[in-house]
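# Chains, contacts and geometry: an overview
Okay, here's what each chain looks like letter by letter:
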Amino acid sequence: MAQDDTRENAQIKLFGLERKSHTNRGSKYTTDATLTVGNNTYSFELKTSKNNGIGSARGMDRDKIHEWKKANDFFIFSIFDEVKGNPGFQFKRHVVCTAKELQWWFDFVIDKVHVSGHAGKLGLDEYEKTVRKILEEAQEQRRITTSFLKRMDKTMKVGVKYNSPDININKLIKNGAKELDLKKDLKQQLLDYVKEKSEKQ
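A few points on the structure. If you're wondering where the values come from, they're calculated on a predicted model, not measured in any experiment.

Moving on: the sheet that holds strand 8 (residues 178–179). Strand pairing in a sheet relies on backbone hydrogen bonds. The paired strands run either parallel or antiparallel. The mixed open sheet is built from six strands, whose spatial order is 1-2-3-5-6-8. Looking along the sheet, the strands with just one partner apiece sit at the ends: strand 1 (18–19) and strand 8. Direction of pairing for strand 6 (residues 89–97) relative to strand 8: antiparallel, over a ladder of two bridges. Bridging from a neighbouring strand, V95 pairs with E179 of strand 8.

Here helix 7 (residues 186–200) contains 15 residues, and its C-alpha end-to-end distance of 21 Å stays within 8% of the 21 Å for a straight helix at 1.5 Å per residue. Buried within helix 7 we find L186, Q189, L190, Y193, V194, K197 and S198. Down the axis of helix 7, the sector holding all buried residues measures 160°, keeping them to one side. Where helix 7 starts, the residue carrying a side-chain oxygen 3.0 Å from the main-chain nitrogen of K187 turns out to be D185.

With that out of the way, let us pick up the packing of helix 4 (residues 124–140) against helix 5 (residues 146–159). Relative orientation of the contacting elements helix 4 and helix 5 amounts to 170°, with a least axis distance of 11 Å. Judged by the angle between their axes, helix 4 and helix 5 are roughly antiparallel. Together, L124, Y127, R132, L135, E136 and Q139 of helix 4 and T146, F148, L149, M152, D153, M156 and K157 of helix 5 make up the contact between the two elements. When grouped by side-chain class, the residues that make up the contact of helix 4 with helix 5 number seven nonpolar, two polar and four charged.

The rules behind each value
- Residues numbered from 1 in each chain as written.
- Predicted model: local features only at pLDDT ≥ 70, side-chain atom pairs only at ≥ 80, totals over all residues.
- Heavy atoms only, no water.
- Pairing = 2+ DSSP bridges.
- Helix = DSSP H or I, 4+ residues; strand = E, 2+ residues; numbered from the N terminus.
- Expected span 1.5 Å × (residues − 1).
- Buried < 20%, exposed > 50% of the residue type's maximum accessible area, 1.4 Å probe, protein only.
- Arc of directions from axis to C-beta.
- Polar contact = N/O pair within 3.5 Å; in protein donor to acceptor, adjacent residues only side chain to side chain.
- Axes fitted to C-alpha atoms, helices over the stretch in contact; angles between N-to-C directions.
- Parallel < 35°, antiparallel > 145°, perpendicular 65-115°, else oblique.
- Contact = heavy atoms within 4.5 Å.
- Nonpolar A, V, L, I, M, F, W, Y, C, P; charged D, E, K, R; others polar.

Following this line, the structure appears as structure tokens:
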């Protein structure tokens, strides 16, 4: 079992969740875990990291963000230290939030992928508004084929995606996420948080 799966399983056990996705490494996104409270079942995305910059997911873009927001009611981010012995890690921070508290980060990713660009690349919106129009004219003039245009679209869409951009846990807290108290019952704290947020919806 991969180390990140081991840590995710530890999160699930620690918070009393039920596993939803067994790998979540396929082409179709599936939420990691669920929690049933009364007649309602809530979905969770789980992430762990050794530092305060938590990796998100491969190929982040507007579509992936939409998947995250649609599929997940809550997000749990856990920071750990590596230790000797089994399982080889020890959690030292847990932060829980909803998509609302992540909006600042969603906006950052959308800007980098679709608007301003990143790593010297065009933003996808810029490609659509300018470069693609030039290519469409070339296609109409039969200087390029329809197949070429489709391949160019795919090249751009895949090429500009952000590969696992970090989510800074301290900035996340400043934007309203809740850090749980390790000295208190973590399951109960999560349950209280879920109930509080659900009542406000």
